[in-house]
Amino acid sequence: MKDLFNKAKAVLPNSYSVYSNFKVAAALRLKNGEIITGVNVENASFGLTNCAERSALFTAYSQGYRKEDIKEMLITTEQTELISPCGACRQVMRELMPDDAKVHMTTVDGKTKTVENKDLLPFAFTENDL
Ligand code: THU
């Protein structure tokens, strides 16, 4: 997991968080070994902000990867306490990542908590409900 963490940490300065000053980075490991990163990108129209998790996933999908290609996601911040994905990200993660993909929440000073994607959003509305 150290390599995934290092990739996320490396892009943390790219976070465009001019309003919150709250930098977040996410790194996705694909089953082919490739690592795809994302950061939060804010907007003066606050609701249009894109979280790091969604940035990473949308980048992966833009490159042609799909759910079955994704192994795990790591999230990191400069904060001393762990953060977990927001509700909007959980909904997107549920559809775009496998249910059993591991989600690692980390801090730059070494705290880690790992859960499975499906446990972040119980009783989810999914593509199977349409
Ligand atoms: N944010 C993320 O990028 N991921 C999370 O899991 C929680 C929040 C961003 C959104 C916003 O740019 C900033 O952190 C403060 O909410």
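Look above for the structure.
These notes cover the structure that comes with them. (Residues numbered from 1 in each chain as written. Predicted model: local features only at pLDDT ≥ 70, side-chain atom pairs only at ≥ 80, totals over all residues. Heavy atoms only, no water.)

1. Quick word on the site of the ligand
We count it as follows: Being near a molecule or strand, for a residue, comes down to having at least one heavy atom within 4 Å of it. As used in this structure description, the phrase polar contact means that two N or O atoms lie within 3.5 Å; if the pair is within protein, one of them must be able to donate a hydrogen and the other to accept it, and residues adjacent in sequence are counted only when both atoms belong to side chains. Asp, Glu, Lys and Arg are counted as charged, while Ala, Val, Leu, Ile, Met, Phe, Trp, Tyr, Cys and Pro are counted as nonpolar; the rest, among them Gly, fall into the polar class.
Surveying the vicinity of the ligand reveals 13 residues, the closest of which are Asn-40, Glu-42, Cys-51, Ala-52 and Glu-53. In the environment of the ligand, an oxygen atom lies 3.0 Å from a nitrogen or oxygen atom belonging to the backbone of Ala-52. A distance of 2.5 Å separates an oxygen atom of the ligand from a polar atom in the side chain of Glu-53. Its residues assigned to classes, the shell around the ligand comprises seven nonpolar, four polar and two charged.

2. Examining the pairing of strand β1 (residues 24-30)
Stated precisely, the cut-off is as follows: Only protein chains enter the accessibility calculation, which uses a 1.4 Å probe. A residue is then buried if its area is under 20% of the maximum for its type, exposed if over 50%, and partly exposed in between. In this description a helix means any DSSP run of H or I spanning at least four residues, a strand means any run of E spanning at least two, and both kinds are numbered starting from the N terminus. By the convention used here, strands pair only if DSSP detects at least 2 bridges between them.
The element β1 is largely enclosed, with a buried count of seven among its seven residues. Where burial is concerned, the two faces of β1 agree: the one with Val-24, Ala-26, Leu-28 and Leu-30 and the one with Ala-25, Ala-27 and Arg-29 are both buried. Where β1 meets strand β3 (residues 70-77), seven bridges bridge the pair, whose relative direction is antiparallel. From the neighbouring strand, Leu-30 faces β3, where its bridge partner is Ile-70. In the sheet, β1 pairs with strand β2 (residues 35-39) via five bridges, with the strands oriented antiparallel. Looking at β2, one finds that Ala-26 is bridged to Gly-38. Following β1, the chain reverses through four residues before pairing antiparallel with β2; Gly-33 in that reversal takes a positive phi of roughly 95°.

3. Digging into the nonpolar core
Using the following cut-off: What is meant by a nonpolar core is a set of buried Ala, Val, Leu, Ile, Met, Phe, Trp, Tyr and Cys residues, joined one to another through side-chain atoms within 4.5 Å. Any two residues whose heavy atoms approach within 4.5 Å are treated as being in contact.
Residues Leu-28, Leu-57, Ile-70, Met-73, Met-93, Met-97 and Val-103 are the most contacted members of the largest nonpolar core, which totals 24 residues. Only β1, α2 (52-62), β3, α3 (87-96) and β4 (102-107) provide two or more residues apiece to this core. The biggest single contributor to this core is α2, with five residues. When residues no more than four places from it in sequence are discounted, the contact partners of Val-103 are Met-73, Ile-75, Met-93, Met-97, Lys-113, Thr-114, Val-115, Asn-117 and Leu-120. One finds Ala-8, Ala-25, Ala-27 and Val-39 within the second-largest nonpolar core, a separate group that totals ten residues.

4. With respect to the packing of aromatic side chains
For any pair of aromatic rings, the description consists of the separation of the ring centres together with the inter-plane angle of the planes. What counts here: Here is the rule: rings of Phe, Tyr and Trp (six-membered ring for Trp) pair when centre to centre is within 6.5 Å. Planes less than 30 degrees apart are stacked, more than 60 are edge-to-face, and the remainder are tilted.
As enumerated under the stated definition, the model contains one aromatic pair in all. Ring geometry for Tyr-19 versus Phe-46: centroids 5.6 Å apart, planes at 55°, classification tilted. Of this pair, Tyr-19 sits in the loop between α1 (2-11) and β1 while Phe-46 is found in the loop between β2 and α2, placing the two residues 27 residues apart along the sequence.

That is the geometry; function is a separate question.
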